[in-house]
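# Structure assessment
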Amino acid sequence: QVQLVESGGGLAQAGDSLTLSCTAAGRTFSTYSMGWFRRAPGKEREFVAAITWSFGTTYTADSVKGRFTISRDKAKNTVYLQMNSLIPEDTAVYYCAARLSFSGRYDYAGSYDAWGQGTQVTVSL
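Residues numbered from 1 in each chain as written. Predicted model: local features only at pLDDT ≥ 70, side-chain atom pairs only at ≥ 80, totals over all residues. Heavy atoms only, no water.

A few words now on the overall build of the protein. Each helix and strand in the protein was counted, giving 0 helices and 11 strands. By the compact-globule yardstick of 14 Å for 125 residues, the protein fits well, its C-alpha radius of gyration being 13 Å. Its C-alpha atoms give the protein principal-axis dimensions of about 40 × 25 × 25 Å. Taking all 125 residues of the protein together, 42% fall into the buried category. Long-range contacts, defined as pairs at least 24 residues apart, comprise 55% of the intrachain contacts of the protein with a sequence gap of at least 6. Summing over all exposed atoms, the protein offers an accessible surface of approximately 6500 Å²; the carbon and sulfur share of this is 50%. Positive and negative side-chain charges of the protein, numbering 12 and 10 respectively, have mean locations separated by a distance of 6 Å. (Helix = DSSP H or I, 4+ residues; strand = E, 2+ residues; numbered from the N terminus. Rg over C-alpha atoms; globule rule 2.2 N^0.38 Å. Buried < 20%, exposed > 50% of the residue type's maximum accessible area, 1.4 Å probe, protein only. Contact = heavy atoms within 4.5 Å. Areas by Shrake-Rupley, 256 points an atom, 1.4 Å probe, with all protein chains shown as cover. Lys, Arg positive; Asp, Glu negative; His and termini not counted. Charge placed at Lys NZ, Arg CZ, Asp CG, Glu CD.)

Here it is, written out as structure tokens:
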């Protein structure tokens, strides 16, 4: 099993930047990719970004492309989500997830095997 712990959420104003971190523990050697998803109030959970653990290939949702960047530090078993130029529509609970096999889709929540507890990001005008 892989355990995930997120940190870095909080309050921000439009235009600000925040960095979320997600540290993995447990059977991290079996991780194929890591992803970030978010759930805004009254909305479905949506894909934000993903990164393959071995090669660092990244995928980013169109809604955040050019503003959000995903990266990972293999030595620290940590994945980051750098969020720039935040807008109120980015307000959501952000979840880190681990995918342990290459099957499925990087942007589909059902393809992920482990989830963090979530961290709240609130962006005001």
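What follows deals with unusual backbone geometry. Most peptide bonds adopt trans geometry, and most residues besides glycine take a negative phi value. For Asn77, which is not glycine, the phi torsion reads 50° and is therefore positive. The residue Ser85 is not glycine, and still its phi comes out positive at about 50°.

By the element assignment, Gly116 lies in the loop between β10 (114-115) and β11 (119-124). It is 9.2 Å that separates the C-alpha atoms of Gly116 and Thr23, two residues lying 93 residues apart in sequence. Not counting residues up to four positions away in its chain, the partners in contact with Gly116 are Leu4, Glu6, Tyr95 and Cys96.

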